[in-house]
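Here is how the chains run, residue by residue.
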Amino acid sequence: KYIDAYRLLGEHYIGTTDYLQAQEQFAEGISLYTTERDNAGFEGTPAIGKLYEDMGNIKYTISGDYDDALMNYKYSVELENDTPSIRYRIGYIQYKKSNYVEAFGAFMKAGDGNVKERNLMLAMANTLSMRGDDYAAEGYYEHLLNNLDDEIAKRGIVFPQASDKEYEIVNSYLYAANNYGVTLYKLAKRTGNSSLNAQAIVQFSQSVRAWDAL
């Protein structure tokens, strides 16, 4: 309860955007936990894992200290506070560090084997592309763009200037189509298949259309 009080107070400070005070409270709680763990064999809990997650979130979103954020997220997972959000952020950090195998594994766990969320699908496709797994990346990009096409078709006309949700759809389309075009272009160069090159140009055109819409 003593350790958790530091977490709750820190979260209160986050609510008031006093991030320095929040970080100090999280650090105090973590220090108390590690002291009791090392001296008395105190076992951690998912609630203490949440404390590490909170510290990781400050490092990730406020200070941009990705190495420290990654360390805190790993401790959080070890203490059985394991969420899709944490796994996604671990994946993003590993991607930034060019650790593409670790990044892809984290993204897979974020989706729990059922990848539907478009940011996650795009992240997985990008990671596969950076690993050089262009055929696998092609599949993810194509699946994502099909989903986005279906979403746009249901809406009829999208107005990204008037709706945040529709802005996100068009913005996702911009990146997905562009990166899909890059992947198709790489496959065309590797295989000599000119039709893939033509498909790449189509995707670049679609990306430009999305950019114009934004």
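Everything quoted here is computed from the prediction, not taken from an experiment.

Rules used throughout
- Residues numbered from 1 in each chain as written.
- Predicted model: local features only at pLDDT ≥ 70, side-chain atom pairs only at ≥ 80, totals over all residues.
- Heavy atoms only, no water.
- Axes fitted to C-alpha atoms, helices over the stretch in contact; angles between N-to-C directions.
- Helix = DSSP H or I, 4+ residues; strand = E, 2+ residues; numbered from the N terminus.
- Parallel < 35°, antiparallel > 145°, perpendicular 65-115°, else oblique.
- Left-handed = near helix turned anticlockwise from the far one by under 90°.
- Nonpolar A, V, L, I, M, F, W, Y, C, P; charged D, E, K, R; others polar.
- Expected span 1.5 Å × (residues − 1).
- Buried < 20%, exposed > 50% of the residue type's maximum accessible area, 1.4 Å probe, protein only.
- Arc of directions from axis to C-beta.
- Contact = heavy atoms within 4.5 Å.
- Core = buried A, V, L, I, M, F, W, Y, C linked by side-chain atoms within 4.5 Å.

Caption draft 1: Inspection of the packing of helix H9 (residues 164-191) against helix H10 (residues 194-213) at higher detail. Running from N to C, H9 and H10 point in directions that differ by 160°, and their axes come no closer than 8 Å. With respect to each other, H9 and H10 are oriented roughly antiparallel. Judged by the sense of rotation from one axis to the other, the crossing of H9 with H10 is left-handed. When grouped by side-chain class, the residues that make up the contact of H9 with H10 number 16 nonpolar, eight polar and no charged.

Caption draft 2: How the structure looks around helix H1 (residues 2-15). Here H1 contains 14 residues, and its C-alpha end-to-end distance of 20 Å stays within 8% of the 20 Å for a straight helix at 1.5 Å per residue. Three or more residues of H1 are buried, namely Ile 3, Tyr 6, Arg 7 and Gly 10. Projected down its long axis, H1 shows its buried positions confined to an angular sector of 100°, all on one face. Residues Tyr 2 and Gly 15 are exposed on H1 and point more than 90 degrees away from its buried face. Turning to H1, the residues buried within the fold contact helix H2 (19-40) and helix H3 (46-63). Taken from the residues just after H1, Thr 17 is the one with a positive phi, measuring 60°.

Caption draft 3: Representation of the nonpolar core in the model. Residues Phe 107, Tyr 141, Leu 144, Leu 145 and Leu 148 are the most contacted members of the largest nonpolar core, which totals 26 residues. Elements supplying a minimum of two residues to this core: helix H6 (100-111), helix H7 (118-131), helix H8 (134-155), H9 and H10. Per-element tally for this core: the top contributor is H9, with eight residues. In terms of nonpolar packing, the next biggest core, distinct from the first, is built from 11 residues, Ala 22, Phe 26, Leu 51 and Leu 79 among them.

Caption draft 4: Up close: unusual backbone geometry. At Glu 80, a position not held by glycine, the phi torsion is positive, near 70°. Looking at where Glu 80 falls in the secondary structure, it is placed in the loop between helix H4 (66-78) and helix H5 (84-96). Its relative accessible area of 64% is what places Glu 80 among the exposed residues. The backbone phi angle of Ser 98 is positive, close to 65°, even though this residue is not glycine. Take Ser 98: it is sitting in the loop between H5 and H6. The exposure class of Ser 98 is partly exposed, given its relative accessible area of 43%.

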